Amino acid sequence: MATNAIKIVPRLSQNRGHADHGWLKTFHTFSFSSYHDPKHASYGPLRVINEDRVAPKRGFGTHSHREFEIFSYIVSGELEHKDSMGNTEILPRGSIQMTSAGTGISHSEHSHGNSPVHFLQIWSLPHTSGLTPTYYTRTFSDSAKQNKWARVVAPVGAEGVEKKREAEGPAPVHSGVTMYASLLDKGVKLPLEMKGKKGYVHVIMTSGYKVGPSEGAAVKLASGPEEVIIKEGDGAYLQISNRPAELVVENVADGTAEVLVFDIE
């Protein structure tokens, strides 16, 4: 593994955008809707990381997008998806739903059943405009992520990426973003070789919805002399000057930490 150090810049949960609409409780890592912060508008092709909780049988009515790669990571509950391409699907925990909006699509997203759905909505900018709209789903069990990195999203053309609606391996994205997911047990230390120019880490709020300073799971991010501890809802920008570089993620609290890492070209 590489030994080049990564500069780690925390993005604390209490400083993110936040809205509570009753049926929707959401946090915004980057500027979104009524939340605007020019210091946190995007990061490379990453444009949106929203952590959403949607009340039972509620959701986002039919609306349109174009020129974005839109993917959802389901944490708990079930997300019901419908779109103008004729796709209808109910997505449980472990699902990755990817929509390449391209020249334009319309879709709706609702909480299915009698439980709320907790998911991350992530957008990236494609490297090519005018793409034909496409839809993909992938499923990753907890065991596929337990104390190891599961590569759940990766660029089209990367090793192991299939452009099929359903397949094994990562969901294809038309941007320079590779996303890894892991479930880290207490005390587990997991290295990851970062190959891109930058990266981003997010610790999912699995212990519950909370506004203010983070609680729950905590992980230590380390690279060379750099060490930063972040908790649930927190994130961290990774600035990589010499590639490849090694990031080590360690669970330093009780319970399991669910962590996402974005490796960005």
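Preceding this paragraph is the structure being described.
Procedures and definitions
Residues numbered from 1 in each chain as written. Predicted model: local features only at pLDDT ≥ 70, side-chain atom pairs only at ≥ 80, totals over all residues. Heavy atoms only, no water. Pairing = 2+ DSSP bridges. Helix = DSSP H or I, 4+ residues; strand = E, 2+ residues; numbered from the N terminus. Axes fitted to C-alpha atoms, helices over the stretch in contact; angles between N-to-C directions. Phe/Tyr/Trp six-rings, centres within 6.5 Å; stacked < 30°, edge-to-face > 60°. Buried < 20%, exposed > 50% of the residue type's maximum accessible area, 1.4 Å probe, protein only. Lys NZ or Arg CZ within 6 Å of the ring centre and 35° of its normal.

## Describing the sheet that holds strand S18 (residues 218-223)
In sheet architecture, strand pairing relies on hydrogen bonds along the backbone and comes in two forms, parallel and antiparallel.
Turning to step 1, where the next piece is worked out: A sheet is described by the order of its strands in space; here four strands give the open sequence S16-S21-S18-S19, paired in antiparallel fashion. Pairing within the sheet leaves two strands with one partner each, and these edge strands are strand S16 (189-194) and strand S19 (226-231). Adjacent strand axes in the sheet meet at a mean angle of 20 degrees when their direction is disregarded.
Turning to step 2, where the next piece is worked out: By the bridge criterion, six bridges tie S16 to strand S21 (residues 245-251) in an arrangement that is antiparallel. If you follow Glu193 over to S21, its bridge partner there is Glu246.

## A closer look at the packing of aromatic side chains
Turning to step 1, where the next piece is worked out: Inspection of the entire model under this criterion finds eight aromatic pairs.
Turning to step 2, where the next piece is worked out: For the pair Phe32 and Trp123, a centre-to-centre distance of 5.5 Å together with 80 degrees between the ring planes defines the contact as edge-to-face. Remark: Trp123 occurs in strand S11 (residues 117-124) and Phe32 occurs in the loop between strand S3 (24-28) and strand S4 (46-54); sequence separation between them is 91 residues.
Turning to step 3, where the next piece is worked out: Residue Phe32 is classed as partly exposed on the basis of its relative accessible area, which comes to 23%.
Turning to step 4, where the next piece is worked out: Put simply, the rings of Phe30, Tyr43, Tyr200 and Tyr237 pair up and form one aromatic cluster.
Turning to step 5, where the next piece is worked out: Over the ring of Tyr209 we find Lys25, and its NZ or CZ is 5.7 Å from the ring centre.
Turning to step 6, where the next piece is worked out: Positioned above the aromatic ring of Tyr43 is the side chain of Lys198, whose terminal nitrogen or guanidinium carbon lies 4.7 Å from the ring centre.

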